[in-house]
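# Structural overview for review
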Amino acid sequence: MDPKTQSTVGTDGLSRRRALACMGWAGTGLLWTLVGGVPTATLLTGNAGRAQAAEPMGAFRFVQISDTHLGFNKEANPDTAGTTRSAIDLVNGVAAETALVVHTGDVTHLSKPAEFDSAAEMFKGLKVTDFHLIPGEHDVLDEKQTAFFDRYGRGAGKGWYSFDHAGVHFVALINVMEFKPGGSGRLGPEQLEWLERDLKGRPASQPLVILSHIPLWTAYADWGWQTEDWPQAMQYVKRFGSVTALNGHIHQILQKVEGNVRYYSARSTAYPQPAPGEGTTGPGPLKVPADRLRSVLGVRSVAVVPKSEMISVEDTALA
Amino acid sequence: MSVLRRSPFFALAALVLALAAGFFVAASVQAADDHQVVIKSFAYGPKEITVPVGTAVTWLNKDNEVHTVVSKNGKFRSSALDTDDSFTFTFTEPGTYAFFCSLHPQMTGIVTVVAKE
């Protein structure tokens, strides 16, 4: 498929979306920089341009991928393996400046052993030293809910964990295993206690990056796109100067700034979902024209400047 | 006069309503072997059903998304139901059985099981 054909589709002139897509093909993009909660965009012209545009000395960059849904093969994307490979190629393209990749869940579609095998094989292709994953609800569909943790489980507790990287404290939360009827994502009391202990005693100046599958914030309550006990967790994180929360689950870019917390929802590498409340069928795989699919899938690159409140987030489509 | 004229109409209306209500009760308490709940557009249809003891209820997923059927009090739990997959559970005791989708907990429903007459 020639991606350039996409740029001429439609009759309404060059929309912003299409302009962005064109830049993607030309190897350029927009870098969103959030300083004090005010987003500003900088046109990128390549790695050198990026370094000059928005990355002060000492910034480190990591990549977020999400919702690979390996095993899904319906009409919204009959080739999730292909799009996952493209995503990995994209990540490896910036490997020189990326030591860390996080996957915010729904690695597989149905938690089947073959799907996890296929994922493991593909992830071997990631040229990074650190790869951290959390499960989505699609990764804990096996009866005993152990398939994900057998491969990627770590530490004590029930799968949640934290680690430090380049002065930034990462917290990997699980909000897909404590559902209640009529409810939404949930962390549960045990995890909340752990989080309180984990953050206690850390300097408020240390940047926090919090990973979850389902949004911690209320992206859309009617579809369960929120975490019902997040307000309690906010008590523990609100004293930190820089808090960045990254999630997957909803397969689209959404962002919100609330006080000191910046919430970013990422694209999937498998298929898009409707915007909150859009359409009549609820959330779920959204079929877009085949030649447009890769423009709504992608990966995210995040730059953090340690000991500052500066974070920049750059979303790049597969095509 | 107007009151007199209206009363037969009301009597008739009441009769129709009573018949309709009776029909719906009869329709919702179906035969023991053919009760189906269709999962479509992130909802169970019908959301609430009443069946006699001994009924096997089958949930059929017609959505493009994976769903599950999980009893709130742990009485039954389906595996992940992909498109066109189904799950059947036979209710052997009267009671109220609330269920939900463990992937999309906003999806809920109730099976009410009544004793056979």
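All residue numbers here refer to positions counted from 1 along the written sequence of the relevant chain. Going through the entries in the order they are written, you letter the chains from A and number the ligands from 1. Thresholds applied to this predicted model are a pLDDT of at least 70 for local features of residues and 80 or more for the giving and counting of side-chain atom pairs; totals over whole chains, interfaces and linings are not thresholded and use all residues.

Moving on, we come to the overall build of chain A. A count of helices and strands for chain A gives 8 helices and 13 strands. Our exposure labels follow a C-beta count within 10 Å of each residue's own C-beta, placed from the backbone: buried means 20 or more other C-beta atoms, exposed means 12 or fewer, and partly exposed covers the counts in between. Relative to its full complement of 319 residues, chain A shows a buried share of 45%. By definition, residue pairs are in contact when their C-beta atoms, positioned from the backbone, come within 7 Å. Within chain A, contacts between residues separated by at least 24 positions form 68% of all contacts whose residues are at least 6 apart in sequence. Secondary structure elements follow DSSP: runs of H or I of four or more residues count as helices, runs of E of two or more count as strands, with numbering from the N terminus.

With that settled, consider the packing of helix α7 (residues 189-199) of chain A against helix α8 (residues 230-237) of chain A. Residue and element names in this part refer to chain A. In the contact formed by α7 and α8, the axes pass within 9 Å of each other and the chain directions differ by 10 degrees. Looking at the two axes, α7 sits roughly parallel to α8. Packed against α7, whose contacting residues are L192, L195, E196 and L199, the element α8 presents Q232, A233, Y236 and V237 at the interface. Grouping the amino acids of the contact of α7 with α8 by side-chain chemistry returns 6 nonpolar, 1 polar and 1 charged. What counts as an axis is a line fitted to C-alpha atoms, over the stretch in contact for a helix, and the angles between N-to-C directions run from 0 to 180 degrees. For classification, angles of less than 35 degrees are called roughly parallel, those exceeding 145 degrees roughly antiparallel, those between 65 and 115 degrees roughly perpendicular, and all remaining angles oblique. Throughout, the ten residues Ala, Val, Leu, Ile, Met, Phe, Trp, Tyr, Cys and Pro are labelled nonpolar, Asp, Glu, Lys and Arg are labelled charged, and all others, Gly among them, are labelled polar.

What follows is about the sheet that holds strand β5 (residues 70-71) of chain B. Residue and element names in this part refer to chain B. One open sheet accounts for 4 strands, arranged β3-β8-β7-β5; its pairing is mixed. Each of the sheet's edge strands pairs with one partner strand only, and the pair in question is β3 (48-52) and β5. Two strands pair under a simple rule: DSSP has to find at least two bridges between them. Sheet topology note: the β5/strand β7 (residues 95-100) ladder contains 2 bridges and is antiparallel. Each bridged residue has a counterpart across the sheet, and for V70 the counterpart in β7 is F100.

With 20 residues of chain A at the interface, the matching set in chain B holds 18 residues. The residue inventory of the side of chain A that touches chain B, partitioned by class, reads 7 nonpolar, 9 polar and 4 charged.

So, about the confidence of the model for chain B. All names here are of chain B. Taken residue by residue, chain B gives an average pLDDT of 80. The fraction at 70 or more is 72%. Note: pLDDT gives the predictor's confidence per residue, expressed from 0 to 100. Note that residues 14-28 has pLDDT below 50 and, in this model, 2 contacts with residues that lie over four places away or in other chains. This complex was scored by the predictor with a pTM of 0.80 and an ipTM of 0.71.

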